[in-house]
Every structure is written in C-alpha cells, then in structure tokens.
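Topology and contacts: notes
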Number of protein chains: 4
Amino acid sequence: MMIVMKPGATQAQLDHVLEHIHANSLTPHLSVGEDHTVIGAVGDTHAIAIELFEVLDGVAAVKRISQPFKLASRTLQPFDSVFPINGLSVGGEEILLVAGPCSVESRSQLLETAQAVKEAGANALRGGIFKPRTSPYSFQGLGEQGLELIAEARALTGLPLVVEITSINQVEVLSKNVDVLQVGARNMQNFALLSEVGRTQMPVLLKRGMSATIEELLMAAEYILAGGNPRVILCERGIRTFETATRNTTDINAVPVLKSLTHLPVLLDPSHSTGHWEYVGAVARAAVAAGADGLIVEVHPDPEHALSDGRQSLRPEKFAELVRQVGQIAGVMGRKLTPVTKL
Amino acid sequence: MMIVMKPGATQAQLDHVLEHIHANSLTPHLSVGEDHTVIGAVGDTHAIAIELFEVLDGVAAVKRISQPFKLASRTLQPFDSVFPINGLSVGGEEILLVAGPCSVESRSQLLETAQAVKEAGANALRGGIFKPRTSPYSFQGLGEQGLELIAEARALTGLPLVVEITSINQVEVLSKNVDVLQVGARNMQNFALLSEVGRTQMPVLLKRGMSATIEELLMAAEYILAGGNPRVILCERGIRTFETATRNTTDINAVPVLKSLTHLPVLLDPSHSTGHWEYVGAVARAAVAAGADGLIVEVHPDPEHALSDGRQSLRPEKFAELVRQVGQIAGVMGRKLTPVTKL
Amino acid sequence: MMIVMKPGATQAQLDHVLEHIHANSLTPHLSVGEDHTVIGAVGDTHAIAIELFEVLDGVAAVKRISQPFKLASRTLQPFDSVFPINGLSVGGEEILLVAGPCSVESRSQLLETAQAVKEAGANALRGGIFKPRTSPYSFQGLGEQGLELIAEARALTGLPLVVEITSINQVEVLSKNVDVLQVGARNMQNFALLSEVGRTQMPVLLKRGMSATIEELLMAAEYILAGGNPRVILCERGIRTFETATRNTTDINAVPVLKSLTHLPVLLDPSHSTGHWEYVGAVARAAVAAGADGLIVEVHPDPEHALSDGRQSLRPEKFAELVRQVGQIAGVMGRKLTPVTKL
Amino acid sequence: MMIVMKPGATQAQLDHVLEHIHANSLTPHLSVGEDHTVIGAVGDTHAIAIELFEVLDGVAAVKRISQPFKLASRTLQPFDSVFPINGLSVGGEEILLVAGPCSVESRSQLLETAQAVKEAGANALRGGIFKPRTSPYSFQGLGEQGLELIAEARALTGLPLVVEITSINQVEVLSKNVDVLQVGARNMQNFALLSEVGRTQMPVLLKRGMSATIEELLMAAEYILAGGNPRVILCERGIRTFETATRNTTDINAVPVLKSLTHLPVLLDPSHSTGHWEYVGAVARAAVAAGADGLIVEVHPDPEHALSDGRQSLRPEKFAELVRQVGQIAGVMGRKLTPVTKL
C-alpha cells in the first residue's frame with residue numbers, strides 16, 4: 001500500500017500515519033520527495049481497507065499495490081482449480097457446456113429441452129425455478145413446485161442441474177436437489193447469500209453483476225471461498241454500458257483478465273451478454289477462442305412461447321450447430337468439449 | 001404496446017400475433033404501411049412483458065408505450081405521497097434531513113454523533129449495524145449487538161432511526177427496533193428482500209442500484225407497493241460511470257425525472273454520490289435546488305477513525321453549515337426544513 | 001510518480017528503471033518492501049507520459065501523483081481566472097447567462113429569440129451556424145450565410161455572440177465575427193482544432209466530451225492554454241451513461257470538482273445535459289447551487305418548428321422564469337446575475 | 001416512424017401532426033386506442049430527424065422503425081462490400097492483418113518493425129505520423145517529416161500503408177502518400193473531416209468513438225458514403241465503460257451486430273480495446289471467431305522504448321504467434337488469412 005502525503009503535510013501528520021501503519025501490523029518505508037512524502041506500507045494488506053488511511057489528516061492519496069483478494073488469486077494458487085460436478089469436471093482441459101431454458105415452465109417443456117440439449121452435446125442442464133424479475137407482475141418461476149420436474153429431468157438425462165438461488169432460505173432445499181447453485185448477477189453483492197452458500201460444499205456458479213468490476217467479482221468469490229467453500233465457478237454475462245443494440249455488452253476482455261488473476265474456472269453466458277439469439281453463436285465461439293472454460297446457454301424448444309428470455313433462446317438445432325463450431329474452436333485451443341454423460 | 005412486423009411478414013404470422021394480443025386481453029389496432037405493419041395493442045399492459053411478443057415470428061420490434069409501473073406512477077396518483085415517520089412527515093412541504101455515521105461502531109461514537117447531528121439540525125438518525133461490504137475482510141457491522149446502542153440513541157435524542165436491512169431474516173428484529181428500513185443499492189434488485197419488506201407497513205428507504213435505470217428503481221418500488229406497503233421513499237445515491245474523480249456520478253437529473261413520474265418522496269445521498277466530503281455540501285444544495293424532498297448524509301465526529309466511509313463523512317460542524325445553506329435553498333424553493341424534533 | 005516493481009524484479013531491471021528516471025530529469029527515491037520495491041520519481045512530471053515507465057521490464061504499475069495538467073491547475077494559479085467578454089466578465093462573482101437557439105435558422109427566428117432572451121435576462125447570445133449533426137441528412141446549419149444574421153442580432157441587442165466552431169478553417173472568419181468560440185463536445189479531443197484556437201486570443205467555451213473524464217477535459221483546456229490563449233471557459237454538458245430517461249446524465253459533481261482543481265470558469269448546459277425542456281429549470285438551479293459560474297441554455301420562440309433540439313429548448317417565458325429562480329439561488333450563494341447589457 | 005400521441009391530445013394537435021407528416025412527404029396511418037392514438041408515418045424516413053416530431057404539441061413519444069442510415073445498410077446492399085487496397089482486398093473471404101507501431105518514431109524503428117511484421121504475416125503496415133494525444137506535452141508524431149520514412153517502408157516491404165489523418169488539411173498530402181486513411185476514435189464525429197475524406201476515393205479505416213453507439217458509427221460511415229466514397233472499413237477498438245482492469249472494453253458483440261446491419265468490412269483493434277499486450281492474442285482470436293474481417297495490431301520491436309502505447313504493443317515474435325493462432329481460427333470459420341504480399 002502506498003500512502004502519498006500532501007505537499008506541506010506536517011511531521012505530526014506523518015507520525016500519525018506511521019502509528020496507523022504499525023497498528024495494522026504493517027511496516028512503513030519512507031520516500032521523501034520534493035513535493036510529496038510517500039510511505040510504502042508493507043505486509044499482509046489484502047484485509048486492510050485503504051479508506052482507513054485515506055481519511056487521515058495530511059494524506060493526499062492511497063494506492064493499493066497488492067490485490068484485495070487472496071484465496072481467489074493466482075498468487076496463492078498458481079495452477080488452475082479443477083473440481084468435479086456430479087461426475088464431470090470443470091476448470092481443466094475440457095470445455096463445459098451448460099444449456100437449458102431460462103425458466104422451468106412445465107413438465108413437457110423441461111423434459112423436451114433436457115433431451116434436446118443432451119443430444120446436441122450439453123453436459124449440464126440449466127433451468128430456473130426461482131426467477132428474479134424486474135417486474136413484480138412477470139412470471140416469478142414455479143418455485144418449489146419445480147423441484148420434482150428438475151429431478152425428473154436429471155433422472156431422465158443424467159445431466160447435472162445448475163439452478164439459481166435467490167434467497168438464503170432456499171439453500172437447504174436446493175443443496176439437496178441440484179448439483180450447482182447459481183448466484184445471479186443481481187445477487188452478486190447479496191453478501192448474506194454469498195456467506196450462506198460459502199457455508200456449503202456445493203459448486204457455485206457466480207455471475208458477474210451487471211455493473212460489477214472484475215475485482216468486485218473476485219471479491220464476491222472471496223466471500224464464498226472465505227466461508228470454506230472452494231468450488232466457485234465465475235461467469236461473465238455481459239455488463240451494462242451505453243450501447244443499446246444488444247441487451248448487455250459482452251466483456252470479452254474479462255476472460256483473459258480473469259484467467260490471469262485467478263485459478264477459478266471461467267464460463268461465459270452469451271445469451272444474456274447479447275440478448276439476441278442471432279448473436280449467441282458468434283459470441284460463444286469468441287468466448288472459447290479467448291480462453292473460457294465453458295458456456296452457459298439458453299435453449300428453448302419453442303422460444304415463441306417461452307415465459308421469459310425467449311428473445312435470446314436458441315432452438316435446439318441452432319444449439320447443436322453452436323456445439324459443433326465451439327468444438328472446433330476448442331480444438332484450435334488444444335482443448336476439447338466435455339464428453340456427453342452416458343446414463 | 002406497439003408491435004412492428006418485419007417487412008414481408010406473412011398473414012399467418014400476423015394472425016398469430018393477433019391471437020397473442022387477444023390472449024392477453026388486449027385490443028389490437030392495425031396500421032398497414034408500405035414496409036411495415038404496425039399493431040397497437042391497447043389495454044392494461046403494465047403487467048405484460050414485452051418479450052412475450054418480441055419472440056413471435058415475423059415481429060421486428062415491440063415498443064412499450066405506457067409505463068411498466070402502476071402503483072408508483074403519477075398516472076394512478078397525481079398528488080404527492082406524504083407519510084409519517086414517527087412523528088415527522090416525508091414527501092410534503094418540509095425537507096427531511098437524515099444524518100449519522102455510516103456504521104454504528106461504539107456507544108460513544110453513536111451517541112456523540114446522534115447528539116451532534118441533532119444539534120446541527122438533523123431530523124432522523126442513520127447508522128448501519130448490518131453492513132454490506134465489498135470485502136469479506138472488512139468490518140461487517142455490529143449486527144444485533146448494535147440494537148441496544150441505536151435504541152439508546154433514539155431514546156436520548158428522540159430522532160427516528162433509519163437502518164439498513166441486508167437480509168430477509170432481519171425483517172422482524174429491525175421492524176421492532178427502527179423507524180425506517182433502508183434497502184441499500186446492492187440489494188435494490190434483491191427481490192426476495194423487496195417482497196419481504198413489502199409485507200410490512202414500515203417506511204422503506206429504497207436506494208437506487210449503482211447501475212439501475214430510473215425505471216428499474218421504480219419497478220423495485222413497485223415490488224414493495226404491490227406487496228401492500230405504500231410507504232416507499234426513493235433515494236438517488238449516484239450511479240456508476242466511467243468518471244473516476246468521484247466515487248459515483250450523482251444523477252441530479254433523476255430528481256426532476258422521478259418527481260415527474262412518481263408520487264413517492266425522493267431523497268438524495270450526497271455522501272455516496274460523491275464519495276468525498278469536500279463535495280457533499282455543493283451536491284446537497286444542488287439536490288434541494290433540483291426539487292429533492294430530503295437528504296441522507298454521513299456524519300462522523302472523527303472521520304479519521306471511522307471504520308467505513310470516513311473519506312465521505314462530514315464532521316458535525318461541516319454538517320451544521322450544510323444545514324444552514326440547504327435551509328436557504330429550501331426557502332427559495334418555497335419549502336422549509338423539517339423542524340427539529342423536541343423531546 | 002510512483003513506480004512499483006514486480007515481486008522478484010531483478011537488480012538489472014531496477015537499474016534500468018533508475019536510468020529512465022534520470023534520463024527524464026527526475027530524482028528517484030527507493031522504498032524496498034518485502035514483496036515490492038517502490039520508486040518515487042520526483043520532479044516536474046506533468047509532461048511525462050506514465051506509459052513510458054509502464055513498459056519497462058520488471059515494472060508492475062506506475063501511479064501518477066501530481067496532476068498531468070499544469071496551466072489549468074490551481075497549483076499554478078490558486079485564484080479564479082476572471083476575464084472579459086466584450087464588456088462582460090466571466091469567472092468572478094457574477095453568474096453569466098448565455099441563451100439562444102441551438103441553430104440559427106432564419107432572420108426572424110434569430111432576432112426574435114435574441115430580443116426575447118435579452119428581455120428575459122440573458123447576457124450573451126448563443127446560436128450555431130456550423131452544426132455538427134449525427135446524420136449527414138440533418139440540417140447542417142446556415143454556414144457563412146448565417147454571419148450577417150448574427151451580426152445583426154448583436155447590433156440589435158448588444159449581446160456578445162457565442163458560436164460553435166467545427167473546423168480549423170473557420171477560425172479566421174469566426175474570430176472576426178463572434179465574441180466567444182465554442183468547441184463542442186464532439187470536438188473536445190479534436191487536437192488540431194484545440195491547437196488552432198489556442199493560437200488566438202479569443203475566449204473559448206470548451207464543452208466536455210460526452211465520455212470525457214474531468215481530467216481529459218482539463219487536458220483539452222491545457223492544449224489551448226499551452227498554445228498561449230488563457231481565455232478558456234469550461235462547460236459541463238452531461239455525460240453518456242446507461243440511463244435513457246434523459247439524453248445525457250448531468251454530472252453535477254463535476255462542478256465542485258472542477259472548481260477545486262482549476263481556476264478556469266465553469267458553466268453548465270442544462271439543455272444538453274437533460275435533453276428535455278421540462279427538466280432544464282431544475283438542473284439550472286442545481287448548477288448554480290453547486291457553484292457554477294454560469295449557464296448556457298437553449299431558447300427558441302417556437303420549439304415546435306426548431307430545425308434542431310426543439311425537444312430541449314425553452315420558450316422565452318419559461319427562460320424568464322428560470323432566470324428569476326437562478327437569481328435567487330445566486331443570492332443564497334453570495335453571488336448575483338450579470339447585469340443585462342445596455343445598448 | 002411511429003408517433004404516439006399523449007392521452008387527451010386534441011383533434012387540433014392531431015391534425016397538426018398530420019400536416020407535418022404530409023409536409024415531410026410521408027403517409028400517415030392512424031391507430032386509435034383507448035389511451036393513446038398512434039400514427040404510423042410511412043415513406044422514406046431515414047433522412048428525417050425524429051426530433052422534428054417529438055416537439056409537436058400533444059406528442060408523447062416518437063419511435064424510429066427503419067434505420068437512420070441507408071447507404072451503409074444491408075437493406076440497400078445485402079451482399080458484402082469487397083474492395084481493393086493496393087493489390088489486396090478487404091471484406092471478402094480473406095482476413096486482413098494490419099500491424100505496425102503506434103507512432104513512427106525513427107527510420108530504424110519503422111523499417112525494422114515493417115520487416116518484422118511482414119515476416120510474421122502482416123498484410124499492411126500501420127504507423128502514425130500525426131498523433132492525437134491527450135496531453136499537449138506528449139510526443140505528437142513526426143508530422144510530415146515522417147512521410148519519407150513511411151514511403152521507404154512501403155518500398156522496402158511492399159506493404160500498403162494505413163496512416164491516421166487528424167485534420168482536414170492533411171487530406172491532400174496523405175492521399176498521395178498512403179493507401180488507407182485512418183480516422184481515429186476521437187475524430188469519429190469530426191464531421192468536417194468525415195466529409196472531407198468522403199470527397200476522396202481513398203479507402204478509409206473508420207474507428208468507433210470510445211463512447212459511440214453502433215448506430216452512431218454507422219452514421220459516421222454514412223457521412224463518408226454520402227460524400228461519394230464507398231470504401232469504408234469499420235473498426236471496433238473498445239468502448240469506455242466503468243471497468244478499469246483494461247484500457248477499454250472490447251465490444252465483441254459489435255462484430256456480429258455490424259455484420260448483420262451493414263455490408264462494410266469490419267476490423268477489430270485488440271491493442272486499443274485491451275490496452276495490455278498480454279490480452280491482445282486472446283481478443284484477436286475472439287474477434288476472428290466472432291466474424292471480424294481482419295485485425296489491426298500494434299507491434300513494436302522494443303516496446304520499452306516506444307514513445308507511445310508501448311504497454312499494449314506486441315513484440316514481433318508474439319505477433320507471429322498471434323498470426324498462427326488467428327490463421328487456425330480463420331480455418332474453422334471457413335476463411336483464410338490474406339496471403340503475404342510478395343515484392
């Protein structure tokens with residue numbers, strides 16, 4: 001941590017800063033310049049809020065030099081985290097393909113989609129039963145009534161289930177019934193929820209908030225890791241910008257940036273990051289070319305009648321085409337698609 | 001709702017759209033142009049997701065014409081909502097001043113600040129005991145241990161308490177102990193929490209999410225209103241943009257825009273919207289000049305030792321100066337500050 | 001400038017950085033920590049690009065501590081710049097009100113507006129004859145044919161003219177015919193144009209680019225100042241964000257931030273920063289309450305028939321109301337409106 | 001164009017809107033709903049500013065249905081534009097690779113880089129002699145003194161030259177000496193410059209402004225096309241967002257969106273869109289996987305001593321690796337790299 005004193009800061013102010021540094025078990029290193037005195041505060045700083053120093057009298061600016069996350073960092077763990085999801089693995093050489101409807105709507109819709117995405121090459125099934133919706137008047141998901149349906153879909157296809165959790169009181173029931181807990185973009189900084197899923201040993205698919213920085217995404221992951229759960233999968237799903245031609249702006253840079261900063265697996269969701277099924281294939285290919293460890297894609301057998309996100313859902317045949325293309329890109333990257341689960 | 005068909009859309013596609021319109025209890029009005037056929041779908045559309053129409057074959061675009069919120073709108077209620085907060089009122093002629101520390105840290109810090117902000121002219125006391133923090137390693141608030149302290153501060157000063165709620169399992173205890181539940185920016189789309197506070201009759205201070213549009217803020221309010229709780233106070237607290245000179249960008253436009261769209265009271269938080277105490281006074285004056293119904297300001301007797309947000313906290317004497325200036329601006333606006341509570 | 005070396009940087013890499021520091025006439029100060037060595041490079045750094053150090057082997061990060069602008073800074077000149085505009089002055093105690101149509105469209109439109117804004121209290125007349133338009137098919141302004149009209153308007157009312165310059169080949173003709181050259185948001189980083197107006201002694205109204213940071217605005221001003229022209233007036237006109245309820249987002253924070261960083265006068269344009277005439281009054285009041293030195297407002301006698309920006313233009317009677325309100329706010333701020341020019 | 005009247009709009013207001021529609025040679029189609037009357041205005045609307053209708057009394061909103069660009073659109077020309085650049089072609093099956101230094105700095109730097117990028121597989125050489133720089137104190141390029149150097153580099157390697165133009169008075173000299181005029185991000189809405197290059201027949205590489213929407217980029221292209229120059233190459237180079245981990249945010253969505261809206265070739269600049277050479281390869285692969293027609297990449301033989309953009313410049317050997325990877329991705333896409341020019 002570098003603490004830059006204001007021009008004209010007094011010795012008393014400097015001493016006061018030095019006391020704070022010692023009080024935080026850090027070691028100070030002074031650099032006295034013509035205009036500015038700069039103090040390097042050295043030690044384990046990841047858990048120290050820089051604002052505690054910014055407010056001291058005579059301080060002009062404080063710059064963090066080391067990363068504020070630790071468990072998520074490659075500094076702590078240089079090699080990639082690879083962990084199992086009900087027989088599959090994520091984070092290794094293989095590219096994971098999660099697919100399915102935005103919401104579970106009915107038995108036939110879910111089972112039909114589950115079969116179709118499996119045939120097309122998906123490795124895991126997504127499908128929300130608790131849906132966070134902007135409007136209180138929109139379809140909010142089937143809730144616990146959907147549990148039986150997803151269990152049936154898993155039994156039928158053997159695909160592990162990735163299901164969104166929207167409240168701390170769903171942890172128990174979902175942990176028993178699904179394979180991966182998804183924390184959605186709107187809950188990325190719902191710290192009560194992060195802490196709660198951190199107390200489980202369930203794999204967690206953590207989506208980036210729509211205006212979260214990459215560092216904030218890693219700090220959200222840190223909440224889960226610090227709770228004792230090492231199974232965190234990060235997911236870029238587009239950020240909010242001024243551009244309105246697409247629903248969000250896919251931050252493709254985030255893929256190599258995350259892969260360089262963290263050992264955690266990185267997925268990309270081209271459905272939400274574009275919002276238009278026409279662009280999903282192009283962005284899915286781009287994601288794998290940029291180094292993503294997998295994709296999560298919305299597929300619906302009849303997007304016209306989807307109760308949510310129909311606009312960005314692929315028909316199964318389009319998804320099958322995406323799988324073929326992505327498989328070829330994976331080959332160029334020296335990787336391969338995760339083999340389809342056999343029952 | 002306007003549904004624009006693609007050039008070359010077939011009669012079958014058109015008929016299919018018309019069926020959907022009827023199925024949603026709307027009445028279609030056709031306008032056949034050279035390139036495009038446009039269908040106006042008329043009726044009570046606020047509860048209908050436009051995406052249900054966007055996915056139909058042959059549809060080029062769907063534009064919502066009426067607002068997607070209803071209970072929050074001036075269309076439903078043209079006059080300003082005014083409601084009581086433990087003896088005060090918000091939303092009327094008087095400007096409400098909420099002040100206090102970011103976090104409750106200790107008995108002496110809280111009581112000292114409470115007395116100081118009251119003397120300086122504050123009408124209500126803020127102070128978090130459950131703190132949403134970006135880092136799991138930062139101070140997370142005193143939790144329920146802080147309840148006694150805030151009760152003592154209220155008893156001492158007579159100031160109503162505005163306290164942030166961060167989880168659905170705090171609703172009961174906070175409803176008993178505080179006067180206003182604050183839903184913070186990071187939880188603005190925590191729909192489980194919105195629904196839960198919507199089931200109470202507690203006044204709710206709802207802060208705008210850092211990348212939420214004004215419409216999304218109103219939709220979040222709609223969740224609370226639709227739950228049966230009409231006591232929602234909106235709060236602009238700065239949005240996230242590319243500018244880094246300040247912590248957030250105060251969206252001052254939001255004040256007149258909200259006042260024109262909704263009957264709910266509108267506060268502004270110049271502490272978070274700037275992030276630097278030096279700019280808080282200027283933005284506080286601007287807020288009242290733009291038509292805000294009140295302010296929520298961070299004040300700390302000793303910002304140097306604040307455990308959070310010290311950088312943006314005013315010392316009590318600076319806050320007293322702000323109150324004087326804001327009072328004069330209120331006068332120009334034909335309003336006045338809420339008189340200070342007497343015990 | 002602080003240069004942070006990577007953990008494990010070699011002595012050779014360090015020496016190489018030190019050479020660069022000396023080569024730039026700076027003095028290095030070393031601070032050797034456990035993980036990182038940090039070098040403070042002290043001296044006149046405003047003209048040194050930090051990227052020259054970022055690329056050196058072994059360097060982890062470079063942080064600029066002093067400001068990259070010099071002539072525009074309060075460090076160089078602590079007191080406010082005040083300078084004359086054809087008999088008026090800007091930057092002092094008085095609030096300057098510039099008003100007029102977006103574009104000069106016809107003799108009657110211009111003269112009628114000029115008279116009306118003068119009667120309502122404007123001190124200077126705006127009106128574009130070269131218009132930067134998003135579409136090549138939109139009205140592009142009268143061009144040099146408009147020169148006679150604006151000359152007539154000035155003669156009739158005595159109001160100084162503020163006219164946009166869009167190309168380096170207009171410098172000569174505009175310098176002869178107008179009182180203030182306006183550099184628009186889209187040209188804020190048209191460095192050829194900035195350099196050219198920097199070679200004149202004309203007052204320049206420099207509008208912030210729609211995605212320019214405050215620092216970039218000051219660097220654009222620095223181009224003009226470094227060219228030898230000290231008469232720069234800055235103008236906040238709204239920035240581009242994700243919010244679509246208004247045309248731009250007024251960055252009201254920019255007013256106190258600019259006033260603290262620079263001695264140059266700061267105006268605000270509530271017409272462009274909101275895009276809707278209904279919100280112009282509220283934001284104009286907010287600007288003056290936040291400390292702006294003046295306003296530039298679009299006024300049109302018949303917004304319905306304006307060839308550009310009618311949506312955000314005030315009718316003269318609404319502008320007169322704005323002047324009254326802003327005058328009262330100015331009073332609270334210990335300032336007053338610039339008296340209306342007498343012929 | 002859809003014009004939505006306010007609830008309660010009068011017949012006179014409606015008639016007035018209808019007059020305007022006729023005056024613009026459009027045909028109105030009325031749709032009378034319960035709350036709103038909606039008028040479809042049908043005809044050639046691309047050249048009509050919707051603001052002309054927004055300001056009419058009684059109008060609630062105006063929605064453009066057709067695109068505001070025409071010459072750039074696939075509606076006008078469904079097939080891809082392919083055009084020659086000094087013996088090469090752009091926009092067809094082959095992927096174009098432009099590479100070279102940010103700025104031309106010296107004879108040895110330029111010639112060495114030119115040879116190296118050619119050997120590595122580049123098809124064209126970039127290198128600025130007029131540099132738009134944020135600071136007036138930064139290196140501004142060699143100016144016309146650089147012309148001889150770039151001529152020598154072209155003669156030596158046979159690579160066509162892509163050189164930035166920053167002012168209308170450079171059109172003549174650059175048109176004679178280079179093969180492609182580059183209009184940089186900061187000048188994307190310098191309409192005087194767009195018009196001027198539109199009067200030439202030179203290929204123009206038009207970079208997206210850092211906060212320009214995709215539609216605004218296409219409108220900027222439309223200026224050049226409308227001037228009579230059909231040779232426009234679009235270039236995504238990253239947009240400005242809140243994310244600070246990278247210099248800009250690569251809008252990878254823009255690639256498929258542009259390819260669907262326009263027939264013009266689309267390049268991507270991974271150097272500026274990331275700002276860190278470490279991420280350039282990943283984003284270059286992503287661009288081609290998403291459907292880009294080529295890349296423009298900064299390469300410097302000695303980034304440590306680059307006078308600008310060293311941080312994001314690849315060393316020639318890293319560029320050669322990028323070329324190999326991109327070539328494989330091109331193969332998956334059914335395309336191939338443009339063969340290297342032979343002298």
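This one's a predicted model, so the numbers in the text were calculated from it and none came from an experiment. (Residues numbered from 1 in each chain as written. Chains lettered and ligands numbered in written order. Predicted model: local features only at pLDDT ≥ 70, side-chain atom pairs only at ≥ 80, totals over all residues.)

Focus: the confidence of the model for chain A
What counts here: Within a predicted model, pLDDT stands for the predictor's per-residue confidence, ranging from 0 to 100.
The share of residues in chain A with pLDDT of 70 or more is 98%, and the mean pLDDT across the chain is 92. ipTM for the predicted complex: 0.93, alongside a pTM of 0.93.

Things to note about the relation of the copies chain C and chain B
Let me state the cut-off plainly: In superposing the copies, a least-squares fit is computed on C-alpha atoms, taking residues whose pLDDT is at least 70 in both.
It takes a turn of 180 degrees to lay chain C on chain B, together with a shift of 0.0 Å along the axis; the resulting RMSD is 0.0 Å. Classification of the inter-copy transformation places it as that of a two-fold axis. Minimal C-alpha separation from the rotation axis in chain C is found for A286 of chain C, amounting to 2.0 Å.

Some points on the packing of helix α3 (residues 107-120) of chain A against helix α4 (residues 147-157) of chain A
Residues and elements named next belong to chain A. The following threshold applies: Where helices are involved, their axes are fitted lines through C-alpha atoms of the stretch in contact, as for all axes, and angles between N-to-C directions lie from 0 to 180°. Helix and strand definitions follow DSSP, with helices as H or I runs of at least four residues and strands as E runs of at least two, each counted in order from the N terminus. Oblique is the label for any angle not under 35 degrees, not over 145, and not in the 65 to 115 range, which are roughly parallel, roughly antiparallel and roughly perpendicular in turn. The sense of a crossing depends on the near helix, which, turned anticlockwise from the far helix by less than a right angle, makes the crossing left-handed and, turned clockwise, makes it right-handed. Throughout, a residue-residue contact means that the two C-beta atoms, derived from backbone geometry, are no farther apart than 7 Å. Note on residue classes: Ala, Val, Leu, Ile, Met, Phe, Trp, Tyr, Cys and Pro are nonpolar, Asp, Glu, Lys and Arg are charged, and everything else, Gly too, is polar.
Running from amino to carboxyl end, α3 crosses α4 at an angle of 30 degrees, the nearest separation of the two axes being 10 Å. Compared by their axis directions, α3 and α4 come out roughly parallel. In terms of crossing hand, the pair formed by α3 and α4 is right-handed. Seen from α3, the contacting residues are R107, L110, L111, A114, Q115 and K118; seen from α4, they are L149, E152, A153, L156 and T157. Looking at side-chain class alone, the contact of α3 with α4 contains 6 nonpolar, 2 polar and 3 charged residues.

Some words on the interface of chain C and chain B
Taken together, the contacts link 33 residues of chain C with 33 residues of chain B. It is helix α10 (residues 277-290) of chain C that provides the largest number of residues to the side of chain C that touches chain B, a total of 8 residues. The residue inventory of the side of chain C that touches chain B, partitioned by class, reads 16 nonpolar, 12 polar and 5 charged.

What about the interface of chain D and chain B?
Many authors give the size of an interface as the accessible area that is lost as the parts come together. Across the boundary between the two partners, chain D contributes 19 residues, which contact 19 residues of chain B. Those elements that place two or more of their residues in the side of chain D that touches chain B are β1 (2-5), β2 (27-32), β3 (37-42) and β4 (59-63) of chain D.

Some thoughts on the pairing of strand β9 (residues 161-165) of chain D
Residue and element names in this part refer to chain D. What counts is decided by this rule: A residue is called partly exposed when the number of other C-beta atoms within 10 Å of its own lies between 12 and 20, exposed at 12 or fewer, and buried at 20 or more, with C-beta atoms placed from the backbone. Here, strands pair whenever DSSP counts at least two bridges between them. Viewed with both strands pointing away, a crossover whose connecting path from the first strand over the helix to the second turns clockwise is right-handed.
For β9, the tally of buried residues reaches 5 of 5 residues, placing the bulk of the element in the interior. Where strand β8 (residues 124-126) and β9 come together, 2 bridges link them in parallel fashion. Directly across from R126, in β9, lies its bridge partner V162. Between the parallel elements β8 and β9, the chain passes through helix α4 (residues 147-157) in a crossover that is right-handed. Of the pairings in the sheet, the one linking β9 to strand β10 (residues 180-183) comprises 4 bridges and is parallel in character. Considered in β10, the bridge of V163 is made with L181. Regarding topology, helix α5 (residues 171-177) serves as the crossover connection from β9 to the parallel β10, and that connection is right-handed.

Points about unusual backbone geometry
Not every positive phi belongs to a glycine, and S25 of chain A is a case in point at roughly 60 degrees. On the neighbour-count criterion, S25 of chain A (10 C-beta atoms within 10 Å) is exposed.

Section: the sheet that holds strand β2 (residues 27-32) of chain A
All names here are of chain A. One open sheet accounts for 4 strands, arranged β2-β3-β1-β4; its pairing is antiparallel. What marks the edges here is a single partner per strand, and that holds for β2 and β4 (59-63). Shown here is a sheet whose adjacent strand axes are inclined to one another by a mean of 20 degrees, direction ignored. Strand direction decides the pairing type here: strand β1 (residues 2-5) and β4, joined by 4 bridges, are antiparallel. Directly across from M2, in β4, lies its bridge partner K63. Against the sheet, helix α1 (residues 11-23) engages β1, β2, β3 (37-42) and β4, with an angle of about 10 degrees to β3.

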